[in-house]
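Below, each chain spelled out in residue letters.
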Amino acid sequence: MGISQGELKSYLVSAIACLATAFLAALIRPWFDTVNIVMLFLLAVFLVSWRLGQGPAVLAAFLSVGLFDFFFVPPRLTFAVADIQYLLTFVVMLAVALITGQLTALLRKQAEAAQQEEARTRALYETAKSLAGAVKLPQVAETVAAFLHNEIDADCMLLLPDDTGQLQAQGSGRVWIEPHLAQAVYDRGQSGEEADGVRYLPLIGATRVRGVLAISPVASGNDMLNQPMLEAVATLSAIAVERLHYVEVAQQAQLQTASERLRSSVLSALSHDLRTPLTILVGIADSLARSHLEARQKEDAEAVRDQAMRLAGLVENLLDMARLHAGDIQLRREWQPLEEVIGSSLKLLGRALGRHPVRIELPADLPLLEFDAVLMERVFCNLLENASKYSPEDSPIDITANRKAGLVEISVRDYGPGIAPERQDRIFEMFVRGVSESNQHGVGLGLAICRAIVDAHCGTIIAENCTPGARFTFTLPVGEPPVIEGDDLLESRQ
Amino acid sequence: MSTVAPRVLLIEDERQIRKFVREALQQEGYQVFEAETAAQGLVEAGSRKPDLVILDLGLPDRDGVEAIGDLRNWSAVPVLILSARSAEPDKVAALDAGADDYLAKPFGVSELLARVRALLRRKSRLSGDGQTLVAFGEVQVDLIRRLVTRNGEPVHLTPIEYRLLRALLAGEGRVLTHRQLLRDVWGPSYVESSHYLRVFVGHLRQKLEADPTRPSYFLTETGVGYRFQS
């Protein structure tokens, strides 16, 4: 066992202390008993053991006994002992010296350990503080690594799950990890066996396991058994990681709200900016068409007005689609008879229906349905407009409804050529039309809007061919219609 | 109708829209005043004493609904609002605040003139003696004797149906919101129960319309309310 410079100095100081004691004792010898001189030496040993530790204390014990024997026990200046009773003095002196030395050294060691523990606790506290202030995951990894490196001289690596639940290393750790072991610890949420000198600790958060902390000592044989401290570190890391996770969630939610608000304001600004010139265009063209112009010019003005109106309808469709896609439309579902919304759709379409007779067949016991009337009107308008566009003039259009288990099936059927088979599947997608080479107007937004609206009402919509014609059928859930109190009841109440 | 040309106040911030609306109204013989902002419009409404106000809901200086509320504090002049099609809640708010009718942009001139005429007719009718007999289609309603006949045959209406019919007739030329009708017919505690209204309007149509699914008198203003038109 090598002796360091510091230790050598301690032994030297111990020896000098003993010699100084002997000198002092020699000075006061004329006035004191030899037995009391022993006390002086005992004090010296005690002081040495208190200040310098166990080794120097042992040296001081033996040296004191030797010096006492040599200088103070007759015959003096020899190690010979004349009076045999001094042997007992030597034994007691040595025993007391050794025991006090041992005790003080132990105390000192405990005090030192307590101090070290306190320093570590303070470091842990500092770590907790800087983890609480961490704003990025690498910062967490760095802080934990610095603490473990300083306190127990160990390297560590923070492993956090990605979107698929696979652990990924955070920051630059120098720990050679076994991925499947780490993954097992993560999945089970329990710390695993130490493998190849690496210990895996799960980061257990409030709601779930947040990751794994892998720790390995730099020098082998390091004291890795300070389990409570390691667990404390793991808990601190878990809290920090969890906090950052929630910060991220909150930030994303905030960002989403902001972008939704932006989208919604862009949409309304766009709708205003597009509608204003169209209103002017329609108004002026209509004014011209009503003025005293030649028939041909009047016809042109009417065409301008009609096209501008059609453009306005298209713009509304596009904006509706954008709003539906942006999730910007709030359903205002109310219980109401289906009949009413069919009637208002037919009225709204007016001339656009041309000369198609519309036949409506609704069962008498059709219950009230819960839907957003404005949106359902869009569905009927789009389906009816399609039916009138893609079927020969004067051919009828049928609107029927049937009650099935838990839902109502509503169909709009025309007597035209039907839907091209290769398009049937995609007809509800945006910008797809049922007839490929068609001179009809429209970009195929209508059915996509229908589907978005029906979906929002928890229904389904399908397209099929009949002979002849096409039939579009959508469903609405029946739910539990409210009871309508009769007149008599209401009368008595008022 | 009075011999003096009816006075119309047009509050709209778009110059071109103002222009064609003004010309269309002038051609019909109306006297037209214009305002660009709500503030200016309220001042004009006070000084010009118009017979009708046409108000754009999207004015730059203040919320149109608020402006209607202000106007209603001291004037009962009919108000026709111009608004976007896909803004039902705005329309309802404006109508509940006291507006009488609305027109969705873009609109044709004949549509505009029809609404203006209906509101002016309503105003002159209100200022005259109360009507006691209303006739539309095959139906005649005697408001004094509470008698409803169709093709001369009496039609039985329940008390609620009759109250609803009276409320709709009284609002001829206006749009009545669900809320207004529910409050008038059922009472304030029913203003959220719009299904009552819809079911009873359905009953009225069954009893009084030639084709109940395609009504020509009791019209649906989807997402807003109802309109009676004779």
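## Some remarks on the overall build of chain B
At step 1: On a plain count of helices and strands, chain B comes out with 8 helices and 12 strands.
At step 2: Counting all 230 residues of chain B, 57% fall into the buried class.
At step 3: Here the contacts in chain B between residues at least 6 apart in sequence split such that 58% fall between residues at least 24 apart.
At step 4: Just so you have it, chain B exposes about 9800 Å², and 48% of that area is on carbon and sulfur atoms.

## Side note on the interface of chain A and chain B
At step 1: Each side of the interface is counted separately: chain A has 43 residues, and chain B has 41 residues.
At step 2: Taken together, both faces of the contact between chain A and chain B bury some 3800 Å²; the carbon and sulfur share is 56%.
At step 3: At the junction of chain A and chain B, the tally comes to 4 salt bridges.
At step 4: For the salt bridge of Arg205(B) with Glu340(A), the shortest nitrogen-to-oxygen distance reads 3.2 Å.
At step 5: Our count for the chain A to chain B interface comes out at 11 residue pairs in polar contact (both at pLDDT 80 or more).
At step 6: Where the side of chain A that touches chain B is concerned, the elements lending two or more residues are α7 (227–290), α8 (295–326), β5 (334–336), α9 (338–349), β6 (358–361), α10 (373–389) and α12 (487–493) of chain A.
At step 7: Counting residues per element, the side of chain A that touches chain B draws most heavily on α7(A), which supplies 11 residues.
At step 8: Classifying every residue of the side of chain A that touches chain B gives 18 nonpolar, 8 polar and 17 charged.

## Here we look at the pattern of salt bridges
At step 1: A complete count under the given rule lists 37 salt bridges over all chains for this structure.
At step 2: The closest approach of N and O atoms between Arg18(B) and Glu34(B), which form a salt bridge, is 2.9 Å. Of this pair, Arg18(B) sits in helix α1 (residues 15–27) while Glu34(B) is found in strand β2 (residues 31–35), placing the two residues 16 residues apart along the sequence.
At step 3: When the shortest N-O distance is used, the salt bridge between Asp100(B) and Arg72(B) registers 3.0 Å. With Asp100(B) in the loop between α4 (88–96) and β5 (101–105) and Arg72(B) in helix α3 (residues 64–74), the pair connects residues that are 28 residues apart, well separated along the chain.
At step 4: A relative accessible area of 24% means that Arg72(B) is categorised as partly exposed.
At step 5: It is possible to trace a salt-bridge network through shared partners that takes in Glu334(A), Glu340(A), Arg198(B) and Arg205(B).

## Some points on the confidence of the model for chain B
At step 1: On average, residues of chain B carry a pLDDT of 89, and 96% of them reach 70 or more.
At step 2: The spread of mean pLDDT over the elements of chain B runs between helix α5 (residues 109–127) of chain B, the lowest at 87, and strand β1 (residues 7–11) of chain B, the highest at 95.

## What about the sheet that holds strand β9 (residues 153–154) of chain B?
Residue and element names in this part refer to chain B.
At step 1: Taken in spatial order, the 4 strands line up as β6-β7-β8-β9 in an open sheet, and their pairing is antiparallel. Lying at the two open borders of the sheet, with one neighbouring strand each, are β6 (133–136) and β9.
At step 2: Note: strand β8 (residues 147–150) against β9, 2 bridges, orientation antiparallel. Within the sheet, the bridge partner assigned to Thr 149 lies in β9 and is Pro 154.
At step 3: Lying on the sheet, helix α6 (residues 159–170) is in contact with β6, β7 (139–142) and β8; it crosses β7 at an angle near 95°.
At step 4: Of the strands in this sheet, β6, β7 and β8 touch helix α8 (residues 194–208), which is tilted by about 50° from β8.

## A word on a nonpolar patch on the surface
At step 1: A surface patch of nonpolar side chains, amounting to about 400 Å² of accessible area, comprises Leu43(A), Phe46(A), Leu47(A) and Trp50(A).
At step 2: Judged by its relative accessible area of 48%, Leu43(A) is partly exposed.

## Here we look at the nonpolar core
At step 1: Core analysis: the biggest nonpolar cluster contains 44 residues, and Leu338(A), Phe380(A), Leu384(A), Phe472(A) and Phe474(A) have the highest contact counts within it.
At step 2: Top contributing element to this core by residue count: α10(A), with 9 residues.
At step 3: Setting aside residues up to four positions removed in sequence, Phe472(A) forms contacts with Leu383(A), Ile410(A), Ser411(A), Val412(A), Ile419(A), Ile427(A), Phe428(A), Leu447(A), Ile462(A) and Ala463(A).
At step 4: Counting residues in each nonpolar core, the second largest holds 30 residues, with Leu181(B), Leu182(B), Tyr190(B) and Phe228(B) among its members.

## Overview of the packing of helix α3 (residues 54–72) of chain A against helix α4 (residues 86–132) of chain A
All names here are of chain A.
At step 1: At a minimum axis distance of 9 Å, the contact between α3 and α4 shows a crossing angle of 165°. Between α3 and α4, the interaxial angle falls into the category roughly antiparallel. Remark: the crossing between α3 and α4 carries right-handed chirality. Side by side, α3 and α4 meet where Gln 54, Ala 57, Val 58, Ala 61, Phe 62, Ser 64, Val 65, Phe 68 and Asp 69 of the first sit next to Tyr 86, Thr 89, Phe 90, Met 93, Leu 94, Ala 97, Leu 98, Gly 101, Gln 102 and Ala 105 of the second.
At step 2: Here the residues of the contact of α3 with α4 are counted per class, giving 13 nonpolar, 5 polar and 1 charged.

## A few points about the environment of Met376(A)
Residue and element names in this part refer to chain A.
At step 1: For Met 376, the location among the structural elements is in helix α10.
At step 2: Taking the relative accessible area as the measure of exposure, Met 376 reaches 0% and is therefore buried.
At step 3: In this structure, the C-alpha to C-alpha distance between Met 376 and Ser 345, residues 31 residues apart in sequence, is 8.9 Å.
At step 4: Once you skip the residues sitting within four places of it in the chain, Met 376 turns out to touch Val 341, Phe 371, His 457, Phe 474 and Leu 476.

## With respect to helix α7 (residues 178–185) of chain B
Residues and elements named next belong to chain B.
At step 1: Residues of α7 that are buried include every one of His 178, Gln 180, Leu 181, Leu 182 and Val 185, and no others.
At step 2: Contacts from the buried residues of α7 go to α4, α6, β10 (175–177), α8 and β12 (225–228).
At step 3: Following α7 by one or two positions, Gly 187 has its phi on the positive side, about 110°.

## Quick word on the environment of Glu161(B)
Residues and elements named next belong to chain B.
At step 1: Locating Glu 161 in the fold gives a position in helix α6.
At step 2: Along the chain, Glu 161 and Leu 204 lie 43 residues apart, while their C-alpha atoms are 6.7 Å from each other.
At step 3: A distance of 2.6 Å separates polar atoms of two side chains, one belonging to Glu 161 and the other to Lys 207.

Definitions and cut-offs
- Residues numbered from 1 in each chain as written.
- Chains lettered and ligands numbered in written order.
- Predicted model: local features only at pLDDT ≥ 70, side-chain atom pairs only at ≥ 80, totals over all residues.
- Heavy atoms only, no water.
- Helix = DSSP H or I, 4+ residues; strand = E, 2+ residues; numbered from the N terminus.
- Buried < 20%, exposed > 50% of the residue type's maximum accessible area, 1.4 Å probe, protein only.
- Contact = heavy atoms within 4.5 Å.
- Areas by Shrake-Rupley, 256 points an atom, 1.4 Å probe, with all protein chains shown as cover.
- Buried area = accessible area lost by both parts, 1.4 Å probe.
- Salt bridge = Lys/Arg side-chain N within 4 Å of Asp/Glu carboxyl O.
- Polar contact = N/O pair within 3.5 Å; in protein donor to acceptor, adjacent residues only side chain to side chain.
- Nonpolar A, V, L, I, M, F, W, Y, C, P; charged D, E, K, R; others polar.
- pLDDT = per-residue confidence, 0-100.
- Pairing = 2+ DSSP bridges.
- Axes fitted to C-alpha atoms, helices over the stretch in contact; angles between N-to-C directions.
- Patch = residues over 30% accessible without salt bridge, like charges linked within 9 Å, V, L, I, M, F, W, Y side chains within 5 Å.
- Core = buried A, V, L, I, M, F, W, Y, C linked by side-chain atoms within 4.5 Å.
- Parallel < 35°, antiparallel > 145°, perpendicular 65-115°, else oblique.
- Left-handed = near helix turned anticlockwise from the far one by under 90°.

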